[in-house]
Amino acid sequence: MSRTYRFRFRLPGGRGGLAADLTAAARPAPSPDEPGALRLHRGIVLGVPGGTYWEDAAWLAFGASLSAPALAEAHPDGLLIAVHALDHPLADYRPEVAALAIDAWLHAEFTLPPTGAGVTASATGPVFTWGAGRPPFA
């Protein structure tokens, strides 16, 4: 069953914010080689909708990869995380939000240890943290 997670982060002082709605579902993975799926870790794969912007796909994969080892341990036969939609208001979006949205979605769906992914506000705008993960674009 698909569920939608609404990620929202407002910058102080009315300086805007970040927003994304991620709709996804998880099911046993028939194969790590499923067409269109990105292999994250062992049998954990991520499916993104056709036409997904490449930066969004990269950040979705990165965000999901933060929990992929824990998911592989809990689901040794494999798991497909199928993203059905990533919607966002253009004024309140940066591609990094895709990683935070899928990280939050996974934590809402599964009992997982914290990844350290998050966002805080600074005088110059949002500051992203990734725990021990290395973002796809440094």
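Residues numbered from 1 in each chain as written. Predicted model: local features only at pLDDT ≥ 70, side-chain atom pairs only at ≥ 80, totals over all residues. Heavy atoms only, no water.

K.L.:
Quick one: what's the story with a nonpolar patch on the surface, residue by residue and with numbers?
P.N.:
There is a patch of nonpolar side chains on the surface, built from Y53, W54 and F137 and spanning about 350 Å² of accessible area. For F137, the position within the fold is in the segment after β7 (125–130). Of the residues examined, F137 reaches a relative accessible area of 35% and is grouped as partly exposed. (Patch = residues over 30% accessible without salt bridge, like charges linked within 9 Å, V, L, I, M, F, W, Y side chains within 5 Å. Areas by Shrake-Rupley, 256 points an atom, 1.4 Å probe, with all protein chains shown as cover. Salt bridge = Lys/Arg side-chain N within 4 Å of Asp/Glu carboxyl O. Helix = DSSP H or I, 4+ residues; strand = E, 2+ residues; numbered from the N terminus. Buried < 20%, exposed > 50% of the residue type's maximum accessible area, 1.4 Å probe, protein only.)

K.L.:
I'd like a rundown of helix α1 (residues 54–65), residues and numbers included.
P.N.:
The end-to-end C-alpha separation of α1 is 16 Å, in line with the 16 Å expected for twelve residues at 1.5 Å each. The set of residues buried in α1 consists of D56, A57, W59, L60, A61, F62, G63 and A64. (Expected span 1.5 Å × (residues − 1).)

K.L.:
Residue-level account of the pattern of salt bridges, with values.
P.N.:
Summed over the entire model, instances satisfying the criterion amount to three salt bridges. As a salt-bridge pair, R3 and E109 come within 3.5 Å of each other at their nearest N and O atoms. Taken together, the residues span a long stretch of sequence, with R3 in strand β1 (residues 3–10) and E109 in helix α3 (residues 96–109) at a distance of 106 residues. Of the charged contacts in the structure, one is a salt bridge between D21 and R8, with a shortest N-O distance of 2.9 Å. Residue D21 is located in strand β2 (residues 17–27), and its partner R8 is located in strand β1; the two are separated by 13 residues in the primary sequence.

K.L.:
Any chance you could break down unusual backbone geometry for me, citing the residues and the numbers?
P.N.:
Not every positive phi belongs to a glycine, and R42 is a case in point at roughly 45 degrees. Mapping R42 onto the fold places it in the loop between β3 (37–41) and β4 (44–47).

K.L.:
Now, about the side chain of T115: what can you tell me, with residues and values included?
P.N.:
Residue position: T115 is located in the loop between α3 and β6 (117–122). In this structure the side chain of T115 is engaged in a polar contact, spanning 3.0 Å, whose partner is the side chain of D103. A polar atom in the side chain of T115 sits 3.2 Å from the backbone nitrogen of A117. Once residues lying within four places of it in the same chain are set aside, the contact partners of T115 are L66, S67, D103, H107, W130, G131 and A132. (Polar contact = N/O pair within 3.5 Å; in protein donor to acceptor, adjacent residues only side chain to side chain. Contact = heavy atoms within 4.5 Å.)

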